[in-house]
Amino acid sequence: METNSISWEILLKSIRQTLSSEEEVIFQKWLARDIRHKEYYKKMYRVWSSEDTTYDLYTDVAQMKTRFDDYVRNERKVKQRKILGYVYRSVACLLLLLTVGGGIMLLQKEKQGQENDNQLAGAIFPGTGKAIILLPNGEKVDIDWLADSLPYQTAGLSVEKDSGIIKYTEQQQSDSDYHTIVIPRGGEYQVKLSDGTRVWLNSDSKLKIPTSFVGNERRVFLSGEAYFDVVKNDRKPFIVETDLGNIKVYGTVFNVKRYSGDRQLKATLVEGSIGFSTDKTTEWKLQPGYQLSLLEGKSEPIVEKVKIYNEIAWKNQRFCFENRTLESIVQDIERWYNVKIVFESPSLKQLQFSGSLSRYGEIETLLRFFEESADIRFSVDNHTITVKRK
């Protein structure tokens with residue numbers, strides 16, 4: 001292995017936290033050799049930390065290079081500064097793909113101060129834009145590989161990644177295939193459906209959608225959390241189906257949260273009108289500013305007035321909570337920062353907090369807020385955080 005080279009396998013194992021002791025030594029030496037290695041690894045970690053990444057799937061490298069070169073030429077004239085950042089990440093990903101199983105020359109050594117940051121292998125970063133499209137034929141399309149404004153063509157369908165949005169173009173079809181948009185832990189993304197409806201997807205979520213809405217309804221399937229801005233169509237209602245019940249919409253803005261680990265469904269109406277029903281209940285109507293929640297195993301939901309900005313804070317890049325238990329708060333933190341949080345004592349789970357914090361800040365700042373607000377402290381070991389009493 002050359003001085004500034006390291007194998008793709010070792011970098012990937014570092015992200016997955018599966019390095020052997022010998023590989024850990026190699027990784028740490030490479031990390032300490034040049035300060036830019038640290039910056040490179042941070043950027044790489046954001047792209048490749050997802051368990052759902054498609055790095056190991058077949059990709060037409062020649063086609064990808066051509067598409068990327070075209071993208072750079074088209075955009076350089078108008079967005080040169082933006083392109084510089086995009087080029088750095090895209091070229092890095094391309095190099096990693098081309099060198100699977102071998103060593104890659106990453107960066108030239110400079111006479112700069114070197115540091116051995118042994119904690120970087122377990123560094124914790126806030127979430128970023130990540131999404132995978134699962135196609136009917138079993139193929140996975142990692143959005144990170146698609147250049148902005150260049151469409152991905154499949155089965156007569158054009159899917160575009162445009163400024164952080166997956167866009168489906170409306171087409172006249174007699175039938176429709178289904179795609180599943182997967183957002184891994186530590187990720188988020190926006191989707192524009194073929195009817196123009198906008199969907200914001202939170203971490204650890206899945207949205208199954210038809211490539212084109214045919215028939216007399218627009219039905220999608222959700223697991224996780226999503227914020228919907230639905231295009232009005234009285235003749236073709238929009239339905240969000242979950243395993244606990246369905247939300248029926250005619251054109252409105254609302255949030256749905258249904259993580260199986262939370263053991264409940266929450267539907268929060270921002271504006272318009274929605275109805276909720278199950279196979280055991282008639283439809284419950286919701287007014288703006290109200291939230292419907294249904295616990296697993298219960299037949300009747302609860303409807304109550306809530307503060308909207310707290311319920312949709314994630315979409316506005318915030319953590320907002322008011323008199324919420326620490327147990328419920330850390331569930332959101334775990335998904336966003338892709339960490340595991342455990343409690344030394346069950347009683348700590350019931351501590352209540354109120355606050356508003358950025359979702360894009362360092363996790364140390366977030367943890368410090370809780371430490372200063374209660375008699376607790378956090379112990380961080382790689383991606384496992386333990387809540388203890390001081």
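Above this text you will find the structure in question.
Report follows, based on the coordinates. (Residues numbered from 1 in each chain as written. Predicted model: local features only at pLDDT ≥ 70, side-chain atom pairs only at ≥ 80, totals over all residues. Heavy atoms only, no water.)

**Description of helix H2 (residues 21-33)**
Filter applied, for reference: Helix and strand assignments come from DSSP, with helices taken as H or I runs of at least 4 residues and strands as E runs of at least 2, each series counted from the N terminus. In this analysis, the expected span of each helix is defined as 1.5 Å times one less than the number of residues it contains. When a residue's accessible area, from a 1.4 Å probe over protein chains only, is under 20% of the maximum for its type it is buried; when over 50% it is exposed; and in between it is partly exposed.
Here H2 spans 19 Å end to end across 13 residues, near enough to the 18 Å set by a 1.5 Å rise per residue. Taken as a whole, H2 has its buried residues at Glu23, Phe27, Gln28, Trp30, Leu31 and Ala32.

**Some words on the nonpolar core**
Definition in use: Think of a nonpolar core as a cluster: buried Ala, Val, Leu, Ile, Met, Phe, Trp, Tyr and Cys residues, connected wherever their side-chain atoms sit within 4.5 Å. Residues are treated as being in contact if the distance between any of their heavy atoms lies within 4.5 Å.
Membership of the largest hydrophobic core comes to 38 residues, with the highest contact counts inside it found for Ile166, Ile181, Phe228 and Phe254. Looking at which element gives the most residues to this core, the answer is strand S13 (residues 218-229), with 4 residues. Those residues in contact with Ile181, other than ones at most four positions away along the chain, are Ala131, Ile132, Ile133, Ile166, Tyr168, Val191, Leu201, Ser205, Lys206, Leu207 and Ile209.

**A short note on the pattern of salt bridges**
Side-chain pairs of opposite charge can arise whenever the charged atoms involved come near each other. Condition: We define a salt bridge as a contact between a side-chain nitrogen of Lys or Arg and a carboxyl oxygen of Asp or Glu at a distance within 4 Å.
Throughout the structure, instances matching the rule amount to 14 salt bridges. Here Lys285 makes a salt bridge to Glu283, at a shortest N to O gap of 3.9 Å. For Glu283, a relative accessible area of 37% translates into the label partly exposed. A salt bridge links Asp332 to Arg324, with the shortest nitrogen-to-oxygen separation between them at 3.1 Å. Taking the relative accessible area as the measure of exposure, Asp332 reaches 17% and is therefore buried. Judged by its relative accessible area of 24%, Arg324 is partly exposed.

**With respect to the pairing of strand S10 (residues 187-192)**
Rules: Strand pairing follows a simple DSSP-based rule, namely that at least 2 bridges must link the two strands.
Relative to S10, strand S3 (residues 128-129) runs parallel, the two being bridged by 2 bridges. Paired with Thr128 across the bridge in S10 is Gly187. Where strand S8 (residues 165-168) and S10 come together, 3 bridges link them in parallel fashion. Opposite Ile166, over in S10, you have Val191 as the bridge partner. Bridge count for S10 against strand S11 (residues 198-201) is 4 bridges, and the pairing is antiparallel.

**Section: the side chain of Glu334**
The test is simple: A positive count includes Lys and Arg, and a negative count includes Asp and Glu. His and the chain ends are not counted in either.
Mapped onto the secondary structure, Glu334 falls in helix H7 (residues 326-337). The side chain of Glu334 is buried and forms no salt bridge, while Arg185, the nearest opposite charge, is found at 4.9 Å.

**Re unusual backbone geometry**
In this model, Asn338 sits at a positive phi of 55°, which is unusual for a non-glycine residue. Tracing the backbone through its elements, the reader meets Asn338 in the loop between H7 and strand S23 (340-343). On the basis of relative accessible area, Asn338 is assigned to the partly exposed category, the value being 24%. Of note in the backbone geometry, Asn382 takes a positive phi value of approximately 55° without being a glycine. With respect to the element layout, Asn382 can be found in the loop between strand S25 (376-381) and strand S26 (384-389).

Everything listed here is a matter of coordinates, which is why it stays silent on function.
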